[in-house]
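# Architecture at a glance
As a plain string of letters, each chain reads:
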Amino acid sequence: MKETALRIADFKDSIFGVISRLARENQAVNLGQGFPDFDGPDWLKEIAFKKMQEGHNQYAPFHGTPNLRQEISNYYQKFYQLNYNPESEVTVTVGATEAIYVVINALINPGDEVIVLEPFYDSYVASIKMAGGIPVPVTMHAPDFSIDAKELEAAITSKTKLLILNNPHNPTGKVWTKEELISVSQLAIKNDLYLLSDEVYEFLVFDGNKHIPTATLEGMMERTITVSSAGKTFGLTGWKIGWICANQKVSHACRLVHQYVTFAVSTPMQEAVAEGLKKLSDYLPGFVELYKGKRDTFYIEMKKLGFDFPLPKGTYFMMVPIKKHTDLNDVDFAMKLIKERKVATVPPSAFYLKSAEGQGYLRFCFAKKEETLKSAIQNLNGL
Ligand code: PMP
Ligand code: GLN
């Protein structure tokens, strides 16, 4: 039999799948893959069921149902004063993962370079490689995971076309400051780069910090492609409803890719998410409070176990330094914890191409029931 495609020759099983499998096999408490182990809101599930009963069950328009595109456009206007035309500038995708694939494949030619800020969500590099592009890593340096503007500037060449930024940031929980965002944006403008802004955790921001969409920064609306997803905001990661907001030219290119990847996205779920977005203002305070409570409790317990690190400002992840507890690297320590302590975490070196800094950390997901977090802490006791 002939070989499979070269473009995937160096791909491995995703770290999220690997860790979830190991957690099951070892009956470990799973604080690895990023998803809540509790359900999203009943009222939204009931709306989804109603949408099915009402007959929203055939193919949706390929770029998204009119209701959902309108509600996406409405919330960008209401929360951020950003105007996206629902007809031509909003495209619905199967989660943010498809959105990322589509944006990259719509923009990148073979040989084009794409700046990825590491640690990164793993699908960025895979999507760049599938498009024939070249990922160029720039490290967000521990312990505060800031980037050095000079390093970033040095990584940009005449072949650089796109920079990918994730804010709030998985896996570190960092919420970028306005100054940091402006410094990256200025380089994007100076070098005429597109900027893919992955904002899936836009509403998971704590302690009065405010999410700043990259597109709101001066000169950035036209060159920013914003990607988000209902999965995190409604605690329903399995629904896989995401979207791309971009200018008309880029949206058109994205739609050309999307129509041949999935064509259309689940109709009743889109209709349900549209209703969910209408209720965002009422829903969000309780949602943020729930996750803030989990973050605070888990953080205090981790500190008691001797893990010393800054309180994450956003997302549902903590990037926890392990050097004080072990001489092992992240992968070996993660394996030891799964097997001997029955706690699964993600070794973040999977999110780096260049730096070895990830080897000194583990990522913990705290989007879990109180009893799950309690069991994990009990299992880690005395570490
Ligand atoms: N971007 C980031 C930073 C993520 O953590 C995730 C993972 N959930 C995604 C994109 C993908 O989101 P979705 O589940 O909507 O595909
Ligand atoms: N984004 C989630 C995480 O970081 C998982 C998504 C996935 O499994 N692909 O854990």
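Residues numbered from 1 in each chain as written. Chains lettered and ligands numbered in written order. Predicted model: local features only at pLDDT ≥ 70, side-chain atom pairs only at ≥ 80, totals over all residues. Heavy atoms only, no water.

### Considering the overall build of the protein chain
The condition is simple: Comment: elements are numbered from the N terminus, with helices defined as DSSP H or I runs of at least four residues and strands as E runs of at least two. What the globule rule says is 2.2 Å times the number of residues to the power 0.38, and the radius of gyration is computed from C-alpha atoms. Only protein chains enter the area calculation, which uses a 1.4 Å probe; residues under 20% of their type maximum are buried, those over 50% are exposed, and those in between are partly exposed. Pairs of residues are marked as contacts when any of their non-hydrogen atoms sit within 4.5 Å. What sets the accessible areas is the Shrake-Rupley method with a 1.4 Å probe; for residues, cover comes only from the shown protein chains. Positive: Lys, Arg. Negative: Asp, Glu. His and the chain ends are not part of the count. For charged residues, the charge sits on one atom: NZ in Lys, CZ in Arg, CG in Asp, CD in Glu.
Each helix and strand in the protein chain was counted, giving 13 helices and 11 strands. Whereas a compact globule of 383 residues would reach a radius of gyration of roughly 21 Å, the protein chain reaches 20 Å, a difference of no more than 12%. Projected onto its principal axes, the C-alpha positions of the protein chain cover 55 × 55 × 55 Å. By the burial criterion, 56% of the 383 residues in the protein chain qualify as buried. When contacts within the protein chain are restricted to residue pairs at least 6 apart in sequence, those whose partners lie at least 24 apart make up 76%. For the protein chain, the exposed surface amounts to about 16,600 Å²; the carbon and sulfur share of it is 53%. If the 42 positive side-chain charges of the protein chain are averaged to one point and the 44 negative ones to another, these points end up 2 Å apart.

### What to know about the sheet that holds strand β8 (residues 241-245)
What counts, and what does not: By this definition, two strands are paired if DSSP reports at least two bridges between them. Helix axes use the C-alpha atoms of the stretch in contact, all axes being lines fitted to C-alpha atoms, and the angles between their N-to-C directions lie in the range 0 to 180 degrees.
Taking strand neighbours across the sheet as the criterion, the seven strands line up as β2-β8-β7-β6-β5-β3-β4 in an open arrangement whose pairing is mixed. Because the sheet does not close on itself, it has two edges, and the strands there are β2 (90-94) and β4 (134-139). Ignoring strand direction, the axes of neighbouring strands in this sheet form an average angle of 25°. Sheet analysis places strand β3 (residues 113-118) next to strand β5 (residues 160-166), joined by four bridges and oriented parallel. Across the sheet, residue Glu113 finds its bridge partner in β5, namely Thr160. Relative to strand β7 (residues 224-229), helix α4 (residues 95-107) is tilted by about 160°, and along the sheet it contacts β2, β5, β6 (194-198), β7 and β8.

### Notes on the packing of helix α11 (residues 280-304) against helix α13 (residues 370-380)
Relative orientation and spacing of two packed helices are given, respectively, by the angle between their axes and the distance between those axes. Here is the rule: Convention used here: angles under 35 degrees read as roughly parallel, angles over 145 as roughly antiparallel, angles from 65 to 115 as roughly perpendicular, and any remaining angle as oblique. Gly falls in the polar group here, along with every residue not listed as nonpolar (Ala, Val, Leu, Ile, Met, Phe, Trp, Tyr, Cys, Pro) or charged (Asp, Glu, Lys, Arg).
The contact between α11 and α13 brings their axes to 11 Å, and the two run at 10°. With respect to each other, α11 and α13 are oriented roughly parallel. Listed contacts from α13 to Lys294, Phe298, Glu301 and Met302 of α11 are Glu370, Leu373, Ile377 and Leu380. Within the contact of α11 with α13, the residues separate by chemical class into five nonpolar, no polar and three charged.

### A short note on the pattern of salt bridges
So the rule is basically this: In the sections that follow, a salt bridge refers to a side-chain nitrogen of Lys or Arg positioned within 4 Å of a carboxyl oxygen of Asp or Glu.
Enumeration according to the criterion identifies 18 salt bridges in this entry. The closest approach of N and O atoms between Asp308 and Lys303, which form a salt bridge, is 3.4 Å. Given a relative accessible area of 49%, Asp308 falls into the partly exposed group. Residue Lys303 is classed as partly exposed on the basis of its relative accessible area of 39%. Because the salt bridges share partners, they merge into one network encompassing Asp207, Lys292, Arg295 and Asp296.

### Quick notes on the nonpolar core
Going by this rule: For our purposes a nonpolar core is just a set of buried Ala, Val, Leu, Ile, Met, Phe, Trp, Tyr and Cys residues, chained together by side-chain atoms within 4.5 Å.
Ranked by size, the top nonpolar core spans 88 residues in total, and within it Ile72, Ile241, Trp243 and Met302 carry the most contacts. Here the element with the most residues in this core is α11; it accounts for nine residues. Look past the residues within four positions of Ile241 in its chain and what remains in contact with it is Leu68, Val92, Thr93, Gly95, Ser229, Ala230, Gly231, Val265, Ser266, Met269, Gln270 and Val273. Counting 36 residues, the second-largest nonpolar core is a separate cluster that includes Ile19, Leu22, Met140 and Ile156.

### Concerning α4
This is how the line gets drawn: To estimate how far a helix should reach, multiply one less than its number of residues by 1.5 Å.
With 13 residues, α4 should reach 18 Å at 1.5 Å per residue; the first-to-last C-alpha distance of 19 Å fits that figure. Buried within α4 are the following residues: Gly95, Ala96, Glu98, Ala99, Ile100, Val102, Val103, Ile104 and Leu107.

### Thoughts on the site of ligand 1
As a reminder of what qualifies: Consider each residue's heavy atoms; a residue with any of them within 4 Å of a molecule or strand counts as near. The definition of a polar contact used here is a pair of N or O atoms within 3.5 Å, where within protein one atom must be able to donate a hydrogen and the other to accept one, and adjacent residues in sequence count solely through side-chain atom pairs.
The environment of ligand 1 is formed by 13 residues, the closest being Thr97, Asp198, Tyr201, Ser229 and Lys232. Thr97 places a polar side-chain atom, nitrogen or oxygen, 2.6 Å from an oxygen atom of ligand 1. Within the side chain of Ser229, one N or O atom sits 2.7 Å away from an oxygen atom of ligand 1. Protein contact buries 93% of the 390 Å² of open area that ligand 1 shows by itself. Residue contributions to the shell around ligand 1 peak at four residues, all from α4. Across the shell around ligand 1, the residue classes break down as five nonpolar, five polar and three charged.

### Digging into the confidence of the model for the protein chain
Defined as follows: What pLDDT conveys is the predictor's confidence in a given residue, as a value from 0 to 100.
Per-residue confidence for the protein chain averages 97 on the pLDDT scale, and 100% of its residues sit at or above 70. Confidence, expressed as mean pLDDT per element, reaches its minimum in the protein chain at helix α1 (residues 15-25) with 95 and its maximum at β6 with 99.

### Looking at the site of ligand 2
Neighbouring ligand 2 are Phe16, Gln33, Gly34, Tyr121, Asn170, Tyr201, Lys232, Phe317 and Arg363. Contacts to ligand 2 include Asn170, whose side-chain N or O atom sits 2.8 Å from an oxygen atom. Take Arg363: an N or O atom from its side chain is 2.6 Å from an oxygen atom of ligand 2. Contact with the protein chains removes 80% of the 300 Å² of surface that ligand 2 exposes when unbound. Partitioning the shell around ligand 2 into residue classes produces four nonpolar, three polar and two charged.

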